[in-house]
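Summary of the model geometry
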Amino acid sequence: MLPAEVPRPYLGPSALLLLQLLLSPTSAFFPNFWSLLAAPGSITHQDLTEEAALNVTLQLFLEQPPPGRPPLHLEDFLGRTLLADDLFAAYFGSGFPSRRFRAALGEVSRANAAQDFLLTSKNDPDLHFDAERLGQGRARLVTALRETVVAARALDHTLSRQRLGAALHALQDFYSHSNWVELEKEQPHPHLLWPRQELGSLAQEIDHTCSDCEQLSCLGNLLDFRLLTSGYFGTHPPKPPGKCSHGGHFDQSSSQPPRGGINKDSTSPGFSPHHKLHSQAAKLALLASIQAFSLLRSRLGDRGFSRLLDITPASSLSFVLDTTGSMGEEINAAKIQARHIVEQRRGSPMEPVHYVLVPFHDPGFGPVFSTSDPDSFWQQLSEIHALGGGDEPEMCLSALELALLHTPPFSDIFVFTDASPKDAFLTNRVESLTQERHCRVTFLVTEDPSRVQIRARREVLSPLRFEPYEAVALASGGEVIFTKDQHIQDVAAIVGESMADLVTLPLEPPVVVSGRPFTFSVDELLQRITVRIHGEISTFWIINPAGVFQGQEEGEGPLGHTRRFGQFWMVTMNDPLQTGTWEIQVTAEGTPRVRVQAQTSLDFLFHFGIPVEDGPHPGLYPLPQPVAEHFQHPSYWPCPSVPLRGLQTLLLVEVTGPGSRGNSGDHKPHFSHVVLRGVPEGAELGWVPLEPTGPRERGLLAASLPPTLLSTPGPFSMELIGQDGRGRGLHRAARQPCTVVPVLLELSGPPGFLAPGRKALLSLHITSFLGPQDLDLRTSVNPSFALTSNLSRVRLGRNESAWGRLWLEVPDSASPDSVVLVTVTAVGREANSVPPTHAFLRLLVLAPAPQDKLAASAHSTGPALTTARPAVRLSTLVTPGRAGGGMVGNPWWGTVGGMLLLLSLVSW
């Protein structure tokens with residue numbers, strides 16, 4: 001049972017934290033870094049969340065020395081800002097990417113911030129410990145943590161991070177919104193995470209708690225008593241006589257006697273009447289957040305906790321395999337590559353953290369095999385053989401969709417087939433899902449679309465039958481490689497290369513034309529460049545910046561090693577690489593396919609956002625997915641995974657890789673502007689400058705994308721232009737294109753978790769900022785539960801919205817602790833209409849624990865969020881005891897910045 005079976009925490013030397021808190025005197029509990037426009041120099045919910053996560057990550061690294069590398073030493077981290085890049089470089093070695101870790105931290109921190117923006121959560125007192133609903137708030141907090149663990153064990157870490165972000169927001173708010181600090185408490189509340197423990201002496205309805213205060217600063221307005229209370233916010237519920245308000249600019253209740261308030265969200269008296277106590281509240285909120293992360297680590301174990309936050313530079317290995325009778329060579333090639341990857345990387349930082357296998361044929365596909373054990377994966381893969389079937393098309397996209405649902409974000413998926421898809425109607429949905437999951441899909445097709453079929457077939461096959469693969473590969477940042485049976489084992493070597501987390505270098509011009517030269521840029525942070533060329537190639541040559549030439553001759557050349565497998569060429573360049581502009585020219589029948597990839601420590605993550613200037617707190621609402629919520633004013637709409645047509649949008653970029661060591665001051669690489677190009681034609685749509693945001697070490701950049709720049713729905717690519725520390729050019733491209741969507745499509749879940757044998761009500765909201773638009777609405781659910789809707793068609797004018805309801809029936813046979821994915825698609829009814837828009841909603845099927853049933857029915861857990869923004873600045877240092885396996889014996893002793901803090905780390 002979670003976490004009721006855990007003994008109450010205590011303060012003792014068995015878990016000593018040495019903590020340096022760089023909390024400036026203008027710190028604030030506002031949602032995220034964009035809130036700093038209202039409160040410059042602030043610490044936000046995002047800061048507290050990411051600092052806590054990095055503390056516990058450092059704790060894990062200190063306790064588990066990396067194989068083959070010297071252990072980390074605490075003194076190496078004292079007195080300096082703690083960054084994800086530096087942690088990864090110290091633990092795994094230089095050059096290992098931290099982007100997955102930073103993306104996972106971003107999911108948690110954005111889910112945290114969203115609690116202040118979502119209509120169903122921003123004014124709910126139970127989710128913010130407001131209105132003296134402290135017991136109810138604790139029940140919601142504990143439920144969210146329980147859902148975090150259940151979703152993690154169900155291997156849906158996206159949903160787990162969303163629930164964790166919501167839990168941390170409430171936990172942090174307790175120390176700002178209650179009078180715990182005013183009661184002169186110097187440690188986190190000892191019972192807040194344990195529902196069977198008493199919270200203490202709580203103020204009752206008849207107890208007056210505050211006196212009237214006419215000033216902005218109201219530090220002395222709490223009445224002299226030792227009861228625990230919190231302030232009322234807004235008008236729901238109404239503030240009883242004599243009770244405290246939350247206070248501040250956005251709180252309507254603060255104008256009703258007793259006036260004023262008690263929140264410590266910031267040091268600005270305009271927002272926080274108890275602003276002078278902010279630093280104490282922030283310190284306790286940070287300690288409590290560290291405690292929560294440590295409890296999760298003990299509950300999930302070190303391996304499970306590492307997967308929750310993607311604390312690894314390695315990707316996952318995900319195969320989708322055609323198992324029909326003609327696929328013997330392809331299946332053997334997949335087995336050889338999997339075996340090679342498992343054996344070569346076992347015990348190394350790049351050992352895959354997760355394995356997924358989905359077979360398919362016609363008419364079947366699946367089941368999914370998912371594991372973290374490489375030996376189990378190999379055993380399952382070795383049992384697959386080519387049997388039966390033989391006619392095409394087949395259920396390839398259905399199997400790929402299944403793989404996407406079970407593959408962790410930022411992974412590569414490899415599809416082995418020799419047939420076209422029978423389920424091409426899924427193309428657009430799979431495209432959207434690849435972008436929602438940030439997964440790159442590569443198709444290895446042993447069937448050239450121009451050659452005569454040798455398979456038996458029931459119908460004449462179109463020469464365009466492989467276009468769905470091309471569309472999915474384009475949307476995901478992957479590629480389609482056509483080869484032949486005799487070459488598949490050699491060509492499949494790209495599986496291992498792609499698993500090295502390569503970046504694709506942008507080409508100029510972006511579209512390769514036979515006989516015309518094109519270029520790519522090499523900077524000092526690139527290594528292991530590979531040029532892949534496939535098609536009916538006559539000749540090609542490569543020239544480096546010094547004019548050194550290499551042609552298509554196989555073997556070792558002046559620039560690198562060339563290998564040919566039929567119509568597939570691979571040139572591996574020699575390190576060290578000469579920096580500057582390289583040139584390639586290819587002569588071929590038709591359009592040649594060229595891809596240049598490299599390893600690099602310098603990359604970037606991005607998302608889009610809409611500033612929110614009203615509501616409980618100002619900030620930026622960044623979400624990569626249509627969110628389960630609605631807003632009341634167009635300027636406050638959340639942004640989907642891509643820009644929305646008709647709205648001004650902010651592009652937020654987080655540079656990953658440079659860290660702080662050896663890249664200080666003006667010698668750090670930086671990007672100055674972003675170029676947007678149409679896909680696939682490559683035409684430049686425009687460019688906008690990038691402005692640094694926040695402390696420089698965070699690597700955060702922002703650009704405003706005006707509506708005119710994204711006026712046409714459709715995909716576009718994004719390239720960052722800048723300079724390295726020596727003033728030489730930098731050029732990086734986003735791994736996937738984005739899509740401008742025509743409408744905002746939102747899907748929200750029930751207030752609580754799903755339960756077997758019950759029906760759940762979902763809410764659908766669709767808005768157009770340009771019109772008119774005629775749309776059909778289609779729904780699907782995985783697994784195949786019954787789903788009905790009262791809205792199937794809609795016509796929208798400019799700035800018009802429509803609402804609908806969906807009823808999801810969860811059968812008695814539904815597996816507890818499992819995840820359900822609901823998809824709604826809006827499709828234009830005109831033949832040449834705008835591209836479809838998708839909304840995805842993850843819901844957790846959870847059997848209520850006996851002591852949680854009342855809380856589950858009376859107190860909702862809020863809608864499922866889908867978020868992802870990476871971590872950045874952090875300044876907290878910990879010298880913890882072991883949390884991964886319970887209590888520890890040998891604490892570290894010392895002081896950091898003259899501050900010594902004690903925290904108990906206990907296990908659930």
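Refer to the preceding data block for the structure.
Here's a quick rundown of the structure. In this text, all values refer to a predicted model and were calculated from it rather than measured experimentally. (Residues numbered from 1 in each chain as written. Predicted model: local features only at pLDDT ≥ 70, side-chain atom pairs only at ≥ 80, totals over all residues. Heavy atoms only, no water.)

1. Quick notes on the overall build of the protein chain
When helices and strands are tallied, the protein chain shows 15 helices and 34 strands. The contacts of the protein chain with a sequence gap of at least 6 include a subset with a gap of at least 24, amounting to 75%. Surface summary for the protein chain: the accessible area is close to 32,100 Å², and the carbon and sulfur share equals 52%. (Helix = DSSP H or I, 4+ residues; strand = E, 2+ residues; numbered from the N terminus. Contact = heavy atoms within 4.5 Å. Areas by Shrake-Rupley, 256 points an atom, 1.4 Å probe, with all protein chains shown as cover.)

2. Structural notes on helix H10 (residues 396–406)
Where burial is concerned, most of H10 is hidden: ten out of the eleven residues are buried. Cys-396, Leu-397, Ser-398, Ala-399, Leu-400, Glu-401, Leu-402, Ala-403, Leu-404 and Leu-405 are the residues of H10 that are buried. (Buried < 20%, exposed > 50% of the residue type's maximum accessible area, 1.4 Å probe, protein only.)

3. Some remarks on the packing of helix H1 (residues 45–63) against helix H3 (residues 99–114)
It is the contact of H1 with H3, at a shortest axis distance of 9 Å, that shows an interaxial angle of 140°. Taken together, the axes of H1 and H3 are oblique relative to one another. Classified by chirality, the crossing of H3 by H1 is right-handed. Residues His-45, Gln-46, Thr-49, Glu-50, Ala-53, Leu-54 and Thr-57 of H1 touch H3, and the partners they reach there are Phe-101, Leu-105, Val-108, Ser-109 and Asn-112. (Axes fitted to C-alpha atoms, helices over the stretch in contact; angles between N-to-C directions. Parallel < 35°, antiparallel > 145°, perpendicular 65-115°, else oblique. Left-handed = near helix turned anticlockwise from the far one by under 90°.)

4. Overview of unusual backbone geometry
Of note, the bond from His-236 into Pro-237 is cis; its omega dihedral lies within 30 degrees of zero at -5°. Looking at where Pro-237 falls in the secondary structure, it is placed in the loop between helix H6 (157–177) and helix H7 (278–308). Residues Glu-508 and Pro-509 are joined by a peptide bond in cis, for which omega reads 0°. In this fold, Pro-509 is placed in the loop between strand E8 (503–504) and strand E9 (518–522). Positive phi, close to 55°, is recorded for His-438, a residue that is not glycine. Mapping His-438 onto the fold places it in the loop between helix H11 (427–437) and strand E6 (440–445). Exposure remark for His-438: the relative accessible area of 24% places this residue in the partly exposed category. Although it is not a glycine, Asn-799 adopts a positive phi angle of roughly 60°. Relative to the helices and strands, Asn-799 is located in the loop between strand E30 (793–796) and strand E31 (800–809). Owing to a relative accessible area of 48%, Asn-799 belongs among the partly exposed residues under this scheme.

5. Regarding the packing of H1 against helix H2 (residues 84–92)
Between two packed helices, what matters for the description is the angle formed by their axes and the separation of those axes. Orientation of H1 relative to H2, taken along the N-to-C sense of each, is 5°, at an axis distance of 11 Å. As the angle between them shows, H1 and H2 are arranged roughly parallel. Between H1, through Leu-54, Thr-57, Leu-58 and Phe-61, and H2, the contact on the second element is made entirely by Ala-84, Leu-87, Phe-88, Tyr-91 and Phe-92. A per-class count over the contact of H1 with H2 returns eight nonpolar, one polar and no charged. (Nonpolar A, V, L, I, M, F, W, Y, C, P; charged D, E, K, R; others polar.)

6. A look at the nonpolar core
The biggest cluster of nonpolar side chains holds 62 residues, and the ones touching the most others in it are Phe-61, Leu-171, Tyr-175, Phe-293, Phe-305 and Leu-309. Those elements giving two or more residues to this core turn out to be H1, H2, H3, helix H5 (134–153), H6 and H7. Residues in contact with Phe-293, not counting those within four places in the same chain, are Thr-49, Ala-52, Ala-53, Val-56, Leu-164, Leu-168, Phe-305 and Leu-309. (Core = buried A, V, L, I, M, F, W, Y, C linked by side-chain atoms within 4.5 Å.)

7. Remarks on the side chain of Ser-780
Among the secondary structure elements, Ser-780 is positioned in strand E28 (residues 773–782). Take Ser-780: its relative accessible area is 18%, and that puts it in the buried class. A distance of 3.1 Å separates the side chain of Ser-780 from the side chain of Arg-429, its partner in a polar contact. Apart from residues lying up to four places away in sequence, Ser-780 is in contact with Arg-429, Leu-787, Leu-821, Val-822 and Thr-823. (Polar contact = N/O pair within 3.5 Å; in protein donor to acceptor, adjacent residues only side chain to side chain.)

8. Thoughts on the state of the cysteines
Following the criterion strictly, the structure yields two disulfides and no others. A disulfide bridge connects Cys-213 with Cys-218, and the sulfur atoms are separated by 2.1 Å. Between Cys-213 and Cys-218, the disulfide has an S-S torsion of -90° and is therefore left-handed. Given the relative accessible area of 8%, Cys-213 is considered buried. Residue Cys-218 is classed as buried on the basis of its relative accessible area, which comes to 1%. When the bonded cysteines of the protein chain are numbered from the N-terminus onward, they pair as 1-4, 2-3. (Disulfide = S-S within 2.5 Å.)

9. Details of the sheet that holds strand E4 (residues 369–371)
Reading across from one edge, E4-E3-E2-E5-E6-E7 is the order of the six strands in this open sheet, with mixed pairing throughout. One side of each edge strand has no neighbouring strand; the edge strands of this open sheet are E4 and strand E7 (479–482). Averaged over all pairs of adjacent strands, the angle between strand axes in this sheet comes to 15°, irrespective of strand direction. Here six bridges tie strand E2 (residues 317–322) to strand E3 (residues 355–360), and the two strands are oriented parallel to one another. Along E3, the bridge assignment pairs Val-320 with Val-358. Its contacts with the sheet place helix H9 (residues 374–382) against E2, E3 and E4, and it is angled at close to 15° to E3. (Pairing = 2+ DSSP bridges.)

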